[in-house]
Amino acid sequence: MVTMGVLERAKRASGLSEPEALPYLCLGCETQFDIQYHTCPVCGKYDIRRAKWVNADGESR
Ligand SMILES: [Zn+2]
């Protein structure tokens with residue numbers, strides 16, 4: 001149904017739903033978080049980075 005997508009976009013535009021981009025990102029499983037975990041609760045790795053840094057140069061190391 002196309003109408004669902006349109007509604008979803010309208011909600012986003014008016015700020016009623018969460019934005020997709022969260023500030024932190026697990027490099028192990030690529031799950032995004034709104035807070036920085038010491039370890040990823042999804043895959044258990046220690047590779048939580050700021051999504052901004054990751055996006056800036058691909059790999060932050
Ligand atoms: Zn992970």
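Rules of the game
- Residues numbered from 1 in each chain as written.
- Predicted model: local features only at pLDDT ≥ 70, side-chain atom pairs only at ≥ 80, totals over all residues.
- Helix = DSSP H or I, 4+ residues; strand = E, 2+ residues; numbered from the N terminus.
- Buried ≥ 20, exposed ≤ 12 C-beta atoms within 10 Å, placed from the backbone.
- Contact = placed C-beta atoms within 7 Å.
- Pairing = 2+ DSSP bridges.
- pLDDT = per-residue confidence, 0-100.

Per an unreviewed UniProt entry, the protein chain goes by the name Hydrogenase maturation nickel metallochaperone HypA and belongs to Halosimplex pelagicum.

J.: Sorry if this is basic, but what is going on with the overall build of the protein chain here?
T.: From N to C terminus, the protein chain includes two helices and three strands. Counting from the amino terminus, the protein chain carries its helices and strands in the arrangement α-β-β-β-α. When the 61 residues of the protein chain are sorted by exposure, 7% land in the buried category. Long-range contacts, defined here as pairs at least 24 residues apart, represent 23% of the contacts in the protein chain between residues at least 6 apart.

J.: How should the sheet that holds strand β2 (residues 32–33) be read in this particular structure?
T.: With respect to topology, three strands assemble into an open sheet ordered β2-β1-β3, the strand pairing being antiparallel. Only two strands of the sheet have a single partner each, and these edge strands are β2 and β3 (48–50).

J.: Help me understand the environment of Asp34, please; the structure alone is not making it clear to me.
T.: Locating Asp34 in the fold gives a position in the loop between β2 and β3. When the 8 C-beta atoms within 10 Å are taken as the criterion, Asp34 is described as exposed. Each residue touching Asp34, except ones within four places of it in the same chain, is listed here: Leu22 and Pro23.

J.: Explain unusual backbone geometry here, please?
T.: Located in the positive-phi region is Glu30, a residue other than glycine, with phi close to 65 degrees. Inspection of the secondary structure puts Glu30 in the loop between β1 (24–26) and β2.

J.: When you look at the confidence of the model for the protein chain in this model, what are you seeing that I'm missing?
T.: Chain-level pLDDT for the protein chain is 79 on average; 64% of the residues reach the 70-or-more range. Ranking the elements of the protein chain by mean pLDDT puts helix α2 (residues 51–57) last, at 65, and β1 first, at 94.

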